[in-house]
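As a plain string of letters, each chain reads:
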Amino acid sequence: MDHRQVIKAILWTGAPWRDPPERYGPWKTAHERLRLWTKGETWARILDEVMVKVDSVGDVARVISVASRVVPVHQHAT
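Now for a quick tour of the structure. Quick caveat: nothing in here was measured; it's all calculated off a predicted structure.

About the criteria used
Residues numbered from 1 in each chain as written. Predicted model: local features only at pLDDT ≥ 70, side-chain atom pairs only at ≥ 80, totals over all residues. Heavy atoms only, no water. Helix = DSSP H or I, 4+ residues; strand = E, 2+ residues; numbered from the N terminus. Buried < 20%, exposed > 50% of the residue type's maximum accessible area, 1.4 Å probe, protein only. Contact = heavy atoms within 4.5 Å. Axes fitted to C-alpha atoms, helices over the stretch in contact; angles between N-to-C directions. Parallel < 35°, antiparallel > 145°, perpendicular 65-115°, else oblique. Nonpolar A, V, L, I, M, F, W, Y, C, P; charged D, E, K, R; others polar. Core = buried A, V, L, I, M, F, W, Y, C linked by side-chain atoms within 4.5 Å. Expected span 1.5 Å × (residues − 1).

Focus on the environment of Ile 10
- For Ile 10, the position within the fold is in helix H1 (residues 3-11).
- Given the relative accessible area of 12%, Ile 10 is considered buried.
- Sequence separation of Ile 10 and Pro 20 is 10 residues, and the distance between their C-alpha atoms is 9.4 Å.
- Look past the residues within four positions of Ile 10 in its chain and what remains in contact with it is Trp 17, Ala 30, Leu 34, Trp 37 and Trp 43.

See the structure below:
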């Protein structure tokens, strides 16, 4: 898979890792590439470059999304 297709697969957030649309190829490819890119700091450089281009355009809204879980706790845990 080419890098553009892998990046689209990594950024696609519609389902868990194992359930991306077929057009993005095997989920393992995207997962492994992200793991390697993160370890080698390539992913950080990609995101830095994207941010530089976004900043040069100006007036672009940034949205940060964080995955979370609901964990049940005892009523007195608060």
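Observations concerning the packing of H1 against helix H2 (residues 27-39)
- Where H1 contacts H2, the axes come no closer than 9 Å and their chain directions differ by 95°. Here H1 is positioned roughly perpendicular relative to H2, judged by the angle of their axes. For the pair H1 and H2, the contacting residues are His 3, Val 6, Ile 7, Ala 9 and Ile 10 in the first and Thr 29, Ala 30, Arg 33, Leu 34 and Trp 37 in the second.
- Residue classes in the contact of H1 with H2 are distributed as 7 nonpolar, 2 polar and 1 charged.

Let's talk about the nonpolar core
- Val 6, Ala 9, Ile 10, Tyr 24, Ala 30, Leu 34, Trp 37 and Trp 43 form the largest nonpolar core, which has 8 residues in total.
- If we skip the residues at most four places from it in the chain, Leu 34 touches Ile 10, Trp 17 and Trp 43.

Points about helix H3 (residues 42-57)
- Taking 1.5 Å of rise per residue, 16 residues should cover 22 Å, and H3 covers 23 Å from first to last C-alpha, within 8% of that figure.
- The first or second residue beyond H3 is Gly 58, which carries a positive phi of 85°.

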